[in-house]
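As a plain string of letters, each chain reads:
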Amino acid sequence: MGLEEKIPEGIAITSLDKMVNWARKRSMWPLGFGLACCAIEMISTFASRYDLARYGMEILRPSPRQADLIIVSGRLSVKMAPVLKRLYDQMPNPKWVISMGACASCGGVFNNYAIVQGVDKIIPVDIYVPGCPPRPEQLIDGIMKLYEKVEKESLLDKKKI
Amino acid sequence: MTVETKKKTMNLNMGPQHPATHGVLRVELELDGETVVKATPHIGYLHTGIEKTYESKLYYKCIPMTDRMDYLAPMSNNLGFCLAVEKLLDIEVPEKVVYARVCLTELTRVISHLVWVGTHALDIGAMSMLLYAFRERELILDLYEACAGQRMMSTYFRIGGLAYDLPKDFEKRVRDILKKIPEGIKDYERLLNDNMIFRKRTIGVGKISAEEAINCGLTGPNLRGSGVNYDVRKANPYCGYEKFNFDVPLGKNCDVYDRYLIRMEEMKQSLSIAKQALDGMPDGPFRAHVPGVVLPPKEDVLTKMESLIFHFKIITEGFKPPKGVVYNAIESPKGELGFFISSDGTNKPHRVRVRPPSFVNLSALPKMVEGGMLADVIACIGSIDIVLGEVDR
Amino acid sequence: MEEKTKEFLKEKFGDAIISESEFRGQLSLETNRDNLFDLCNSLKSSSELDFNFLIDVCAIDWLGQDEEAKGRFEVFYNLYSLKNKFRLLIRVRLSGNDAEIDSLTSIWQSANWLEREVYDMFGVEFTGHPNLTKIVTPDELKGHPLRKDFSLTYETPQFSHNKNEPPEVI
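Residues numbered from 1 in each chain as written. Chains lettered and ligands numbered in written order. Predicted model: local features only at pLDDT ≥ 70, side-chain atom pairs only at ≥ 80, totals over all residues.

### Let's talk about the overall build of chain C
We count it as follows: Put simply, DSSP marks the helices as runs of H or I at least four residues long and the strands as runs of E at least two long, and each gets a number from the N terminus on. Exposure in this text rests on C-beta crowding, where 20 or more other C-beta atoms within 10 Å of a residue's own make it buried, 12 or fewer make it exposed, and counts in between make it partly exposed. The C-beta atoms are placed from the backbone.
On a plain count of helices and strands, chain C comes out with four helices and seven strands. Seen in sequence order, chain C has helices and strands lined up from the N terminus as α-β-β-α-β-α-β-β-β-α-β. Each principal axis of the C-alpha distribution contributes one length, and for chain C these read about 75 × 35 × 30 Å. Looking at chain C as a whole, 38% of its 170 residues qualify as buried.

### Topic: the overall build of chain B
Here is the rule: In this description the radius of gyration comes from C-alpha coordinates, and the expected globular size is given by 2.2 Å times residues to the power 0.38. Here, residues touch in the contact sense if the C-beta positions derived from the backbone fall within 7 Å of one another.
Along chain B, the regular secondary structure elements total 17 helices and eight strands. The C-alpha atoms of chain B give 22 Å as radius of gyration, which agrees with the globular expectation for 393 residues (21 Å, within 12%). Once the C-alpha set of chain B is aligned to its principal axes, its extents read approximately 100 × 45 × 35 Å. Out of the 393 residues in chain B, the part that is buried amounts to 56%. Look at the contacts in chain B between residues 6 or more apart in sequence, and 69% of them connect residues 24 or more apart.

### A word on the interface of chain B and chain A
In plain terms, the rule: Only Asp, Glu, Lys and Arg are considered charged, only Ala, Val, Leu, Ile, Met, Phe, Trp, Tyr, Cys and Pro nonpolar, and every remaining residue, Gly among them, polar.
Taken together, the contacts link 28 residues of chain B with 28 residues of chain A. Elements represented by at least two residues in the side of chain B that touches chain A include exactly helix 1 (50-54), helix 2 (63-67) and helix 5 (128-148) of chain B. A per-element tally of the side of chain B that touches chain A places helix 5 of chain B first, with five residues. In terms of residue class, the side of chain B that touches chain A is built from 15 nonpolar, eight polar and five charged.

### Describing the environment of G284(B)
Residue and element names in this part refer to chain B. Among the secondary structure elements, G284 is positioned in the loop between helix 11 (256-279) and helix 12 (298-303). The spacing of G284 and V97 is 187 residues in sequence and 8.6 Å in space, taken between C-alpha atoms. Filtering out sequence-adjacent residues up to four positions away, G284 remains in contact with P94, E95 and K96.

### Points about the pairing of strand 2 (residues 96-100) of chain A
Residue and element names in this part refer to chain A. Quick reminder of the rule: Here a strand pair is declared whenever DSSP counts at least two bridges between the two strands.
With five of five residues buried, strand 2 lies mostly within the body of the structure. The alternating pattern of strand 2 places W96, I98 and M100 and V97 and S99 on opposite faces, both of which are buried. By the bridge criterion, five bridges tie strand 1 (residues 69-73) to strand 2 in an arrangement that is parallel. Directly across from V72, in strand 2, lies its bridge partner S99.

### Topic: the interface of chain A and chain C
With six residues of chain A in contact, the opposing surface of chain C contributes six residues. Here the residues of the side of chain A that touches chain C are counted per class, giving two nonpolar, three polar and one charged.

### Description of the nonpolar core
The nonpolar side chains of a soluble globular protein tend to be buried with one another. Put simply, the rule reads: For this analysis, nonpolar core means a set of buried Ala, Val, Leu, Ile, Met, Phe, Trp, Tyr and Cys residues linked through C-beta atoms within 7 Å.
In this structure, V72(A), C380(B), V75(C), V118(C) and V124(C) are the most contacted members of the largest nonpolar core, which totals 209 residues. Among the elements that take part in this core, helix 4 (residues 95-124) of chain B stands out by supplying 15 residues, more than any other. Those residues in contact with V118(C), other than ones at most four positions away along the chain, are V57(C), C58(C), A59(C), V75(C) and V124(C).

### Side note on unusual backbone geometry
A cis amide bond links N93(A) with the next residue in sequence, P94(A), at an omega value of -5°. Assignment of secondary structure puts P94(A) in the loop between helix 4 (81-90) and strand 2. The linkage connecting C132(A) with the following residue, P133(A), adopts the cis geometry, with an omega of -10°. Mapped onto the elements of the fold, P133(A) is located in the loop between strand 3 (127-129) and helix 6 (136-151). A positive phi is found at D90(B), a non-glycine position, where the angle reads about 60°.

### Considerations on the sheet that holds strand 1 (residues 17-23) of chain C
All names here are of chain C. Inclusion rule: The angle between two axes is taken between their N-to-C directions and runs from 0 to 180 degrees, where each axis is a line fitted to C-alpha atoms and a helix contributes only its stretch in contact.
Here five strands make up an open sheet; going across it, the order is 1-2-5-4-3 and the pairing mixed. The outermost strands of the open sheet, each flanked by one partner alone, are strand 1 and strand 3 (53-61). Strand-to-strand twist of the sheet, defined as the mean angle between neighbouring strand axes without regard to direction, takes the value 20°. Where strand 3 lies against strand 4 (residues 73-81), eight bridges are found, and the strand directions are antiparallel. Bridge assignment links D56 to a residue of strand 4, and that residue is N78.

### A few points about helix 3 (residues 74-89) of chain B
All names here are of chain B. Rules: In a helix, the anticipated span is given by 1.5 Å times the number of residues less one.
Helix length check: helix 3, at 16 residues, gives a terminal C-alpha distance of 23 Å against a target of 22 Å (1.5 Å per residue), a fit within 8%. Counting buried residues along helix 3, 16 of its 16 residues qualify, which places the element largely inside the surrounding structure. Backbone geometry just after helix 3 places D90 at a positive phi near 60°.

### Topic: the environment of W96(A)
Residue and element names in this part refer to chain A. Note that W96 resides in strand 2. Overall, W96 belongs to the buried group, with 24 C-beta atoms counted inside 10 Å. What W96 contacts, discounting residues up to four positions off in sequence, is D68, L69, D126 and L146.

### Side note on the packing of helix 4 of chain B against helix 16 (residues 374-384) of chain B
All names here are of chain B. Applicable threshold: Roughly parallel refers to an angle under 35 degrees, roughly antiparallel to one over 145, roughly perpendicular to one between 65 and 115, and oblique to any angle outside these ranges.
Contact pair helix 4 / helix 16: the axes reach a minimum separation of 9 Å and the direction vectors enclose 180°. Relative to helix 16, the element helix 4 is oriented roughly antiparallel. For the pair helix 4 and helix 16, contact is made by T119, H120, D123 and I124 and by I378, A379, G382 and S383, respectively. Here the residues of the contact of helix 4 with helix 16 are counted per class, giving three nonpolar, four polar and one charged.

### Looking at the packing of helix 4 of chain B against helix 6 (residues 170-192) of chain B
Residue and element names in this part refer to chain B. Put simply, the test is: Crossing handedness follows the turn of the near helix against the far one: under a right angle anticlockwise gives a left-handed crossing, and clockwise gives a right-handed one.
Between helix 4 and helix 6, whose axes approach to 12 Å, the crossing angle comes to 25°. By the angle class used here, helix 4 and helix 6 are roughly parallel. In this structure, helix 4 crosses over helix 6, and the sense of that crossing is left-handed. Where helix 4 abuts helix 6, its residues C103, L107, V110, V117 and A121 lie against V174, I177, I181, Y188 and L192.

### Here we look at the sheet that holds strand 3 (residues 35-42) of chain B
Adjacent strands of a sheet form backbone hydrogen bonds with each other and so pair up, either parallel or antiparallel. Residue and element names in this part refer to chain B. Across the sheet, which stays open at both edges, the three strands sit in the order 1-2-3 with antiparallel pairing between neighbours. Of all strands in the sheet, those bounded by a partner on one side alone are strand 1 (10-14) and strand 3. For this sheet, the mean angle separating the axes of adjacent strands, direction not counted, is 20°. In the sheet, strand 2 (residues 26-32) pairs with strand 3 via seven bridges, with the strands oriented antiparallel. Counted as the bridge partner of R26 is H42 from strand 3.

### Some remarks on the confidence of the model for chain C
Residues and elements named next belong to chain C. Threshold: Every residue is assigned a pLDDT by the predictor, reflecting its confidence on a scale from 0 to 100.
In the predicted model, chain C carries a mean pLDDT of 83, and 90% of its residues have values of at least 70. Predicted confidence in chain C is weakest over helix 3 (residues 67-70), with a mean pLDDT of 78, and strongest over helix 4 (residues 111-122), with 91. Scored as a complex, the prediction yields pTM 0.90 and ipTM 0.87.

### A few points about the environment of D56(C)
In this fold, D56(C) is placed in strand 3. For the pair formed by D56(C) and G143(C), sequence separation is 87 residues and the distance between their alpha carbons is 23 Å. Residues within four places of D56(C) in sequence aside, it is in contact with G338(B), F340(B), R355(B), N78(C) and L114(C).

Below, the structure is given as structure tokens:
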């Protein structure tokens, strides 16, 4: 339409979806929630060498009300399962879940009475990160995959608004 | 006219999702204003059924699961289990293995204490300590990766030896660590020792007297913080600890600050033990020669018939230790870690009981916090150094 | 130290010591549940032996291995003397139908959580315990996980082998 020629310099045009998704993915705030061994690798990811702040994720929120992303790091016991469900329900939309490690994804080596065999039985999972525990690079890769997923989302999708 | 006043207390739930509880611990607090009247820890949010799972595994298959109990000190757990099974089988390991194990478990104590000092200072308000502590921790994790191929859950020790031979540049890497970490420790001491906020939050907080500490069963730095000289490495030496020179630091004031000082000193002692172990490490095989129990060297498996058969039989059937009950205790970074194994003569353990230091130490938490302020609860939980994976198992 | 402990116990509790055994250098004594409390109390209060540390309490389920004759549960008490650097195991057999034993919480406070764990995992009742409730398992869980008749898994992995229905049996 030639509209772009008429607008002054310093203004760009994009679709609303793209802009919102760009903002969402660049300032994702994870919930400070650790369960077991993987939580230590998650802390390593946030700490000096791997420095997740490079991706706009340095703020760990202690309250689920302020968080966008929950990283389920470690094995989930039957006793803890209701707590996780409640934390997930308390998070405002839009929200994403990363299941970190073999135990969170499928029960891992602990196929027994005490462990929930995969957190996807309780809450919907967006990204599964394999490993026991995953290396920090692996977790960062999982987060990058989540960013790709966020980029493709649309505001018309009612579930994510 | 009389006014009836009623003392009203408030119940506050801390956890299970709380940034300062070091995992999934829930503490139910009864508060009068800001004073803690009663504290009840509730555990079990990470109950994994590890003890039950051991009963269905062959002996050597239990080792990976020991890592996942105290995930801050994986090699200490491996050592505890391997020593207990070796005691049950009554086998001796080569000298090189003894030195390598001592060197690696002492470095494990350092990484456990590093995570502790980072998270404890973070809880009290010194955010940057965590970043510094993890900077040094990565050095030792690199060594783990070179040895075992895994950063955290190394599963490097085996019954009767090590999984693989030490890497070629082991000595160079350890010397590098021994040079760099003391510099880091100096930094932390400069940051924390005379820090006004840190001192005010820790000195005189969470007191527990020596008699009470013994009665509650505290072990490790928590017990030594109350001035009781009990270190399994000195009292009942295992794995050749009688050959090494080191001091056991003791506290005087029984408070959180003393426990902090003890852990800092322990790190220095551990590095000195690791240095002695590295200097004295002889050359030799990295596994004991016990046919039918310990895997034969890989070269023999490829060329000799008997070795191949033994290898196959150990992997598929395991081995059958004699009937009996053994208890073997080691000094893990948290305290006395004991493995109690009951064998009924089959190839799987009949029962494995882990004596978890954190579990017993945590049971003394009400003693430390009752009568204190709410904010001190955080400092006390931090100073006990709990790992919930080990508490709940 | 072993001789001294044996002598001390022989003198005071002559026939209460059912058997003594030594395996890999670790002395363990078997007693019955009626004498357990007094025996432990005197071991702690004796100034010479001074067993001031209760390191551990744990149990073993001997289901299927002569449990009728000897008793199904075996409870182990792991005592340690800081003064003498000496460790002693005390074992007590309990029958399956009537698994009850005196609590040692009034002697050592560390027995509190350790006994609760044994209760939770095996269902052994400790009489005189101030707060004998479940400690690690969730409240909904029925049964005691470490008993041998409790199954390890409550669900088995289902492999469908990429088929929705099982093959027909001809």
